[in-house]
Amino acid sequence: MSFSLKKVFSIVSLFLFLSIAANAEEKTSVKFLGIFSADADKNMLNMTEDFYYKQIAEYDINLTYSKNETFQTEFEKNKEIFFADYDGAYIFFIEIKKSNDTKWICEFNLRKASDGTTKTITREYESYYKILMESKTALKQTFFSLFDTSDQETLAAKPAKNTGITTDAISGTWQSTEPINKIVIMRGGRGFIIFKNGATMNIKISISESNSSSIIITQASGNNASFYPELERKAAMEYAVSAEPVKWELFMQEDGSLKGTKNSPVAQGDSVIEGTIPVTWTKLN
């Protein structure tokens, strides 16, 4: 009797293993090559590529991606090099180019590995930053539309973890009580700040590991004297040589604003010291 039960258990275990393996194999395999462009700034291109990767990584697919900056500039010269040595179902890549005026064109391409055919969907944006502000719903619709109907049925977003506030939840355009013209927070924990003096600072956004309601905004660009409008120009230039990254710690308020403090240089007589100042960010859209 015990032998029979053991045998039955082994058979059931085998079927469960095969079932799990089959389900894993059913996921659509996609290789993300990245973004190529002859018009976009390299830093913006890298930021945009990271942004798109974070979006498609949420889908229930077997995703392959290895950042290759050579692809960004060399793809047009020899496409087959980048298509070679891949036995999955699809290869996904994007081209960004500037049109005759201030608008930007984004071409989403999906190559079917089995026959080499490529499906393309083109989107036009009023500015480059509008590309980075595309909604998750619109991106999902564009991405899914590239696939064959049979494969679309197997694509789904992975269930989101409930961890309180997220970086995606605060994405949008903000204004501040600081000498800042605009703050743009993108999905995926990236963004940028445009100061009133014209300087642009890239930022990264994260949620504190020790306090899930604490939003940490950190300077991701190299130091620039223009990042310290609180200081006189000469003092700002001297401070920028060895300054730590600017950092904000903000908390969501009931009215939807973000309030907290900014680690910032403070002029004290003829010297500059590290200090904190209270700040409020208000969402525009």
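Located above this text is the structure these notes cover.
Section: helix α6 (residues 136-145)
Point 1. The set of residues buried in α6 consists of Leu139, Thr142, Phe143 and Phe144.
Point 2. Buried positions along α6 lie against α2 (42-56), β3 (90-98), β4 (104-112), β5 (118-125) and α7 (149-152).

Quick word on the sheet that holds strand β12 (residues 258-268)
Point 1. The strand order around the closed barrel built from eight strands is β6-β7-β8-β9-β10-β11-β12-β13, with neighbouring strands paired in antiparallel fashion. Pairwise comparison of adjacent strand axes, ignoring direction, gives a mean angle of 30 degrees for this sheet.

Some points on the nonpolar core
Point 1. Tyr52, Phe92, Ile94 and Tyr128 are the most contacted members of the largest nonpolar core, which totals 36 residues.
Point 2. Looking at this core, the element that brings in the most residues is α2, giving six residues.
Point 3. Residue contacts for Tyr128: discarding those within four places in its chain leaves Ala40, Met44, Leu45, Thr48, Ile96 and Trp104.
Point 4. Listed in part, the 28 residues of the second largest apolar core include Ile183, Ala199, Ile215 and Ala243.

What to know about the packing of α2 against α6
Point 1. For the pair α2 and α6, the least separation of the axes is 11 Å and the interaxial angle reads 75 degrees. By the angle between their axes, α2 is roughly perpendicular relative to α6. Taken together, the residues of α6 that come into contact with α2 (itself represented by Phe51, Tyr52, Gln55 and Ile56) are Lys136, Leu139 and Phe143.
Point 2. Among the residues making up the contact of α2 with α6, the classes are represented as five nonpolar, one polar and one charged.

Cut-offs applied
Residues numbered from 1 in each chain as written. Predicted model: local features only at pLDDT ≥ 70, side-chain atom pairs only at ≥ 80, totals over all residues. Heavy atoms only, no water. Buried < 20%, exposed > 50% of the residue type's maximum accessible area, 1.4 Å probe, protein only. Helix = DSSP H or I, 4+ residues; strand = E, 2+ residues; numbered from the N terminus. Contact = heavy atoms within 4.5 Å. Pairing = 2+ DSSP bridges. Axes fitted to C-alpha atoms, helices over the stretch in contact; angles between N-to-C directions. Core = buried A, V, L, I, M, F, W, Y, C linked by side-chain atoms within 4.5 Å. Parallel < 35°, antiparallel > 145°, perpendicular 65-115°, else oblique. Nonpolar A, V, L, I, M, F, W, Y, C, P; charged D, E, K, R; others polar.

As far as function goes, none of this settles anything; it's purely spatial.
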